Each structure stands twice: as structure tokens, then as C-alpha cells.
Amino acid sequence: MTRLSRYFLPTVKEAPADAEAVSHKLLVRAGLVRQVGSGLWTYLPAGWRAHRRAEQIVREELDAIGAQEMLMPVLHPAELWQRSGRYEIDELFKLEDRRGAPHVLAMTHEEVVTLHVSRDVRSYRDLPQILYHFQIKERDEPRPRAGLLRTREFIMKDSYSFDRDREGLDRQYDLHLGAYDRIFERTGLEWYRVESDVGMMGGHGAHEYMAPCAAGENDVALSGAGYAANVEVASATPQAVDGLPAPLGAPERVETPGATTIEQVAGLLGVPAGALVKAIPVMTEGSGPLLVVLRGDHRLNEIKLANHLGSAVRPATDDEVASEFGSVPGFIGPVGAKAPVLADEALRGLAGLVAGANDRDLHLRGVEPGRDFEPAWGDVRRVEPGDTCPRGGEIRIEPAIEVGNTFKLGTRYSEPLGATYLDEQGTEQLIQMGSYGIGPARILAAAVEQYADEAGISWPRSLAPWDVELVGLGKEGEEARDVAERLYEELSGQGLEVVYDDRSASPGEKFADAELLGCPLRLTVGRKGVEAGEVEAQVRRGREKRAIPLDGAAAAAAGLWRELP
RNA sequence: CGGGGAGUGGCGCAGUCUGGUAGCGCACCCGGCUGGGGGCCGGGCGGUCGCAGGUUCAAAUCCUGUCUCCCCGACCA
């Protein structure tokens, strides 16, 4: 019997002064977690119960697609990470053992799982495989934040698929998407799956599972037409520019003294920002200077740019603007540019534009891409709210927290780590890999963010540390307490997990704590109710109360509970 | 890494400018009352003022250095 009088559930009235995010405040206030250091958290007993419930949902759905649970260590020899080329990552904790041998603390487990597969998979007959574990990840984050949302140490479910070919990988990937869809449906979260960036480390496809919430770190582009993509990769048709000036036969120079920003130039010339050409000088890793031009009211998406170019980019310095671009900061433009020009697709077909003249205090008007300069074209802008998505709906952008991700890795790790098999012809082939992550802690934090109200947490039924909080009023020895004890047994008999508040605190304090903790159903047994032959039931989501007859109360409560979200 | 803020009983804060016996609320302990929305009365316990050095008769307070934490941004296989 879980009695609150003997349970370590230290609730507090005031949130930590430095907490900002709702989930951070409430998880601490409700006594579920405590901070140890920056980005380092302890789960107290009730918080760990919730974490295990999230884990169990994930475990059941992965087992259902044939994934096999195992456990790999957190401490790895550095050599593995040197072989995969990831030893230089800044977020990787590095340390030495007593003999001075370099080790790392794992931030993920591709290296180790691939090591095992490389050693023990010989034949196509040994494939496919899906292996997974729940294990602590260590990442030396530059800035942990918002309680559990971004920590330096956290538990992740990471699974890995191994196949003989790309078709097999695609199948395993789709199996995972199905399992993930079911997992997030079961958590009770509001969620969506979005296309995501595969990152510079390669791969052939990636999705992210996002839970929308105010404290989210990612921006997601959504539309009513069912489109959902991380803004890092989202594409859309831009809104038209209102009030575009009439085209000219040829560009004309116009004096714009001191006007170095889009707003200043637009204001000075009386044209909308969208009539300007925004020119961004960048240095690319491989091929030197590049002038990227966008519509004046658009923003550069550096990830889309890097993906388009296939190499990393950085902004050019003012010195480079002079030496490499032959221009002046604030007055850069594509007409007569010294460097190659890459134009965003949104500029295609426009005329009568205003662009920098590459001379101090001068712009050009009547500029027309394709006539006055000949760029390479690419979609490198950030989508904006109001754009039209590929499926025809209007784009809106919302913050969200990433709760899961899936990557088609291909041979990114099997190649450097030598994970191969022999096919039917006896030919050695590289194994095709996928990797798939879920952070149970983020599921919890997102649930708190999404459903909290002024009284505290309001768990979905699937994640709550207990199904029912039973509040016993009155003093020890009074009849109501005996009734509460009996009801506890009956509720347990109905298969419900119950926490019983048997403390000698005041009713108000118990109610406040119960609502802070957020179990989906609260049952209150007090003298008044017992005399009337009733128990009070309060559904946490919405906080509405109703009386249920004491006779058969457990079965009625169980029925009510099953109806809850 | 850039910018901003904060370290004083368990939590939230005042005191620092202007150096002079370390305070308040909550929590906690004891006793009593109360018993359906964080209740009341009385009595208590608990603090190297982040750390180190310096100035001074005297430092939470002034000076120097340093550590830690938070927020915004950058970053985030």
C-alpha cells in the first residue's frame, strides 16, 4: 500500500526562483525530480514511476515489431569513436582510466552496437536484426535548459536496425515509424511526425516526432493540409509581394546614403521590403566566397543552404566582403558581383527589384534576376507563416519539443567499423543501418507542458505515477479512514494503482497536493460523504467533481477512470 | 562562445549603495486547538552570508581573483 505519510514525495509551494518553463516548475514542485547540477537531475520515487510508465509503453511497442532489448555500457574505449570519426565532437565527454587509456562517455550507441554486429554477424542469414536498449546518455551540452527538456545526462531508448540492403532498411524504418506512431498515440500527447534534417553526418532520410509546447526548442512548420516539417528543412511557396515597383528597361543607380538595412532602404525608397534583394556574403568550406540573395522580407535558412551546397558555410567577415566580394558591407548586391551568386527560388520571375550597387551609399533599382545577373538557383530560405505548403495549405509555425527521431544511416557506421556480411554469392557486403531514438523524460516534460493548469500537473492516464489518488479526511481512527482503507483495497482489486493520502494534513493541503501531482482521478473519503453514503470523485482534467455511491464505489471509479484521456 | 542576472538556514527573499550583535515568510520539531480547499495559538531547532585572498579596530556589506547556477542568443551525431 502506497501511503503518502510514509512516501518520499516532497512537494513545495514555491517553484525554484530560476525556473522558467512550466514543466520545470511543476516537476520540481510536485516532488518528482530534483536538480543535482546544471543539466543533471534525480528522479524521486514518484517521478521515476512516471518515467517507467513512459518506458514501458516504448518497450511494449518495440517488442511488438520484433526488436530485442539488451544493454550496452556507458563507458567506451575512445578508439571506437576515433574509428567512427566522432571523437572530436565537443559534446562528447572524454576521460582516462587509471592507466591513462582514453575513454568516452557515450552520447549514443551506434559505435558499440555496430561493433557487436560487425563481430557476430557473418551471413545474410543473420539479418535482419533490430536491437535496442534504454541507457543513460552523456552529452556535454553547451547550455542545458528548462529542467528535463535539455539535460547533460538522460535516459534514451535507442534502437538500431541492421539489414542486407536498402530495401530491407526501408522496411525496418517503416516498421519503426509504425511503432513510434503507436507509442506516441498511447502516451496521450499531442504530437506529430515531421520531416527533418539528416545532418551533415549523412544518411538518406530522417523524421522527428514533435510534441508542441511553449517551452519547445524547435520550430515546426504545419499546415491544415497535413503538412508538417521542421523549419530546418521546410519548403513552401512564398506569399506574393504587394506593391512591387514597375520593371525598368535597365537598372538605375539611386542614392541611399547611410541606408544599410532592408528597413532603411525600403523606407527611403518607399517600396516594400519584399521588393529588395537581400544579399548575404558567405564563405563555403570547399569553394570559397558565395553571394546568397533572397527576397528582402525573407530569411536565410543556413541548414537548407548547407544541404543545398553539400558543404558547411559561415558568414563572410567585413574584410572578406572587401577582398573576396569587392563590395561594401550594407551595399552588397548581385549585379556585377565578383563572387558567384546563388539566388533563392522566391526571387525567380520577379522584376523591378532594389539591390545593393556594391558602392557606398548606392543601390540599384529595376533589377531583374536572370537579366541583370545570372545566378544559380536554390531553395535556401526559411519558410514564413502564411506561405503555402506543398499540399496547398497555409503554413503556421509552432514551437515543439523533439521527443523521438528516426534516421536511415545507411553505411555511415558499418563502413568505418567494418560491419559486413557475405551474401548468397559469397560476396562481402556492407550492412545497412537505421537508428531510432526516444527520450522518455521529454515525453514526461512535454505532457506536463501540454496539460498543466493553474493547479498543477494533469497527467494523461498512460503516464501518471498512479492511476488514482485516494484522499482520506478526518483523523486517524475515525470511520472515514477505515472506509478509505477498504476502498484502497477494492480499487487495487480493480487493477488500479492507487496512492493513499493518509497524512494528518488539512484537507486543503491534501487537495492542493493531489492536484499538483496530477493523477487523473482523485477520490475523497470524508465524514460528510460517508454519512451520505458517498465518495467524491474529481477528474483532474477539468477538475469537475461528482458524487458516487459508496456502495460499489471501486467498480464505479474504475469505470470512470477507463473513460479518461 | 557572446550578452544579462543571481549565490545569505531546506525553499522563497530582505539586509550590501552608506562596514558596527544576521533578519522575515514558508517548511521543520514540541504542545494544544481545528478537521471538506495550503487553518489557528504558544514554544523551539537550524546559517563557514558560494570559495580564496586583501583592506580595516571591525567585512554578508569595500577591493581582487575564482567557482557555481539561471535566462537570452549561438550551438545541439
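Bear in mind the structure is a predicted one, so any value in this text is a computation, not a measurement.

Undergrad: For the overall build of chain A, give the residues involved together with the corresponding values.
TA: The number of helices and strands found in chain A is 13 helices and 30 strands. If you line up chain A on its principal axes, its C-alpha atoms span 95 × 65 × 45 Å. A buried classification covers 54% of the 565 residues belonging to chain A. Restricting the contact set of chain A to residue pairs at least 6 apart, pairs at least 24 apart contribute 69%. Carbon and sulfur atoms make up 47% of the accessible area of chain A, which totals about 24,600 Å². Treating the 64 positive side-chain charges of chain A as one cloud and the 89 negative ones as another, the clouds have centres 4 Å apart.

Undergrad: Please set out the packing of aromatic side chains residue by residue, giving values where relevant.
TA: Under the defined criterion, the tally for this structure stands at 10 aromatic pairs. Ring geometry for Phe184 versus Trp191: centroids 6.2 Å apart, planes at 40 degrees, classification tilted. Among the residues examined, Phe184 registers a relative accessible area of 0% and is labelled buried. One cation-aromatic arrangement involves Lys408 over Tyr173; the distance from NZ or CZ to the ring centre is 4.9 Å. Above the face of the Trp561 ring, Arg461 is positioned so that its terminal group lies 4.5 Å from the ring centre.

Undergrad: Please set out the sheet that holds strand β15 (residues 277-284) residue by residue, giving values where relevant.
TA: The strand order β17-β15-β16-β18-β21 describes an open sheet built from 5 strands, whose pairing is mixed. Strands with a single pairing partner mark the edges of an open sheet, and in this sheet they are β17 (313-315) and β21 (376-378). With direction set aside, neighbouring strand axes in the sheet form an average angle of 35 degrees. Sheet topology note: the strand β18 (residues 341-344)/β21 ladder contains 3 bridges and is parallel. Bridged to Ala343 within β21 is Trp377.

Undergrad: Run through the sheet that holds strand β20 (residues 362-367), naming residues and quoting values.
TA: If you trace the 3 strands from one edge of the open sheet to the other, you get β14-β20-β19, paired in antiparallel fashion. Whereas interior strands pair on both sides, the edge strands pair on one side only; in this sheet they are β14 (252-255) and β19 (353-359). Taken over all neighbouring pairs, the strand axes of this sheet differ in orientation by 40 degrees on average, direction set aside. Pairing geometry for β14 and β20, over 4 bridges, is antiparallel. Among the inter-strand pairings, Val254 is bridged to a residue of β20, identified as His363.

Undergrad: Provide a residue-level description of the pattern of salt bridges, including the pertinent values.
TA: For the coordinates displayed, the defined rule picks out 41 salt bridges. Two residues, Glu111 and Arg86, come together in a salt bridge whose shortest N-O distance is 2.8 Å. Note that Glu111 is positioned in helix α4 (residues 110-120) and Arg86 in the loop between α3 (78-84) and β6 (93-96), a separation of 25 residues in sequence. With respect to burial, Glu111 and Arg86 carry one shared label: buried. A salt bridge links Arg253 to Asp359, with the shortest nitrogen-to-oxygen separation between them at 3.0 Å. Highlighted residues: Arg253 in strand β14 and Asp359 in strand β19, separated in sequence by 106 residues. Classification of Arg253 by relative accessible area gives exposed; the value is 51%. Overall, Asp359 belongs to the partly exposed group, its relative accessible area being 34%.

Undergrad: Talk me through the side chain of His103; I want residue IDs and the actual numbers.
TA: Tracing the backbone through its elements, the reader meets His103 in strand β7 (residues 102-105). Look at His103 and you get buried, because its relative accessible area is 14%. A distance of 2.9 Å separates a polar atom in the side chain of His103 from the backbone oxygen of Ala101. Not counting residues within four places of it along the chain, the set of residues in contact with His103 comprises Leu75, His76, Pro77, Ala78, Phe93, Lys94, Leu95, Glu96 and Asp97.

Undergrad: Describe the layout of surface pockets, naming the residues involved and giving the relevant values.
TA: Estimated volume of the largest pocket: approximately 1,500 Å³. If you trace the largest pocket, you find 47 residues lining it, with Met107, Arg139, Glu402, Asn405 and Phe407 closest to the centre. If you list the elements that add at least two residues to the lining of the largest pocket, you get β9 (153-163), α7 (302-309), β22 (395-410), β25 (432-438) and α9 (440-451). Here the lining of the largest pocket gets 6 residues from one element, more than from any other, and that element is β22. Of the residues contributing to the lining of the largest pocket, the split by class is 20 nonpolar, 13 polar and 14 charged.

Undergrad: Give me helix α13 (residues 553-562): which residues, what numbers.
TA: Of all the positions in α13, only Ala553, Ala554, Ala557, Ala558, Leu560 and Trp561 are classed as buried. Angular distribution of buried residues about the axis of α13 spans 160 degrees; they occupy a single face of the element. Buried residues along α13 sit against α10 (479-493), β28 (521-525), β29 (534-539) and β30 (545-549).

Undergrad: Can you explain the packing of α10 against α13? Please cite residues and give values.
TA: To characterise two packed helices, one gives the angle between the axes of the helices and the distance between these axes. The N-to-C vectors of α10 and α13 enclose an angle of 50 degrees; their axes lie 8 Å apart at closest approach. Taken as axis vectors, α10 and α13 run oblique relative to one another. In this structure, α10 crosses over α13, and the sense of that crossing is right-handed. Residues Leu487, Glu490 and Leu491 of α10 form the contact with α13, whose own contacting residues are Ala553, Ala554 and Ala557. Of the residues that constitute the contact of α10 with α13, the class distribution is 5 nonpolar, no polar and 1 charged.

Undergrad: Could you give an account of helix α1 (residues 22-29), naming the residues involved and the relevant values?
TA: Among all positions of α1, only Ser23, His24, Leu26, Leu27 and Val28 are buried. Directly beyond the C-terminal end of α1, a positive phi value near 80 degrees is found at Gly31.

Undergrad: Please provide a residue-by-residue account of the environment of Ile395, values included.
TA: The topology assignment puts Ile395 in strand β22. Judged by its relative accessible area of 2%, Ile395 is buried. Here the alpha-carbon distance between Ile395 and Gly286, two residues 109 residues apart in the chain, equals 34 Å. Once residues within four sequence positions are removed from consideration, Ile395 is found in contact with Ala221, Leu222, Ser223, Tyr227, Ala236, Glu384, Pro385, Gly386, Asp387, Thr388 and Cys389.

Undergrad: Describe in detail unusual backbone geometry, supporting the description with residues and values.
TA: Generally, phi is negative for residues other than glycine and the peptide bonds are trans, each holding for most cases. Each neighbour pair has its own omega, and for Leu127 with Pro128 the value is 0 degrees, a cis peptide bond. The phi dihedral of Asn358 is positive, around 60 degrees, even though this residue is not glycine. The backbone of Asp361 sits at a positive phi, close to 65 degrees, despite the residue not being glycine. Looking at the secondary structure, you find Asp361 in the loop between β19 and β20. For Asp361, a relative accessible area of 29% puts it in the partly exposed group.

Rules of the game
- Residues numbered from 1 in each chain as written.
- Chains lettered and ligands numbered in written order.
- Predicted model: local features only at pLDDT ≥ 70, side-chain atom pairs only at ≥ 80, totals over all residues.
- Heavy atoms only, no water.
- Helix = DSSP H or I, 4+ residues; strand = E, 2+ residues; numbered from the N terminus.
- Buried < 20%, exposed > 50% of the residue type's maximum accessible area, 1.4 Å probe, protein only.
- Contact = heavy atoms within 4.5 Å.
- Areas by Shrake-Rupley, 256 points an atom, 1.4 Å probe, with all protein chains shown as cover.
- Lys, Arg positive; Asp, Glu negative; His and termini not counted.
- Charge placed at Lys NZ, Arg CZ, Asp CG, Glu CD.
- Phe/Tyr/Trp six-rings, centres within 6.5 Å; stacked < 30°, edge-to-face > 60°.
- Lys NZ or Arg CZ within 6 Å of the ring centre and 35° of its normal.
- Pairing = 2+ DSSP bridges.
- Axes fitted to C-alpha atoms, helices over the stretch in contact; angles between N-to-C directions.
- Salt bridge = Lys/Arg side-chain N within 4 Å of Asp/Glu carboxyl O.
- Polar contact = N/O pair within 3.5 Å; in protein donor to acceptor, adjacent residues only side chain to side chain.
- 1 Å grid on protein atoms, 1.4 Å probe; cavity = no way out; pocket = protein on both sides within 12 Å on 5 of 7 lines; lining within 4 Å.
- Points joined across faces, edges and corners; volume = space filled by probe spheres on them.
- Nonpolar A, V, L, I, M, F, W, Y, C, P; charged D, E, K, R; others polar.
- Arc of directions from axis to C-beta.
- Parallel < 35°, antiparallel > 145°, perpendicular 65-115°, else oblique.
- Left-handed = near helix turned anticlockwise from the far one by under 90°.

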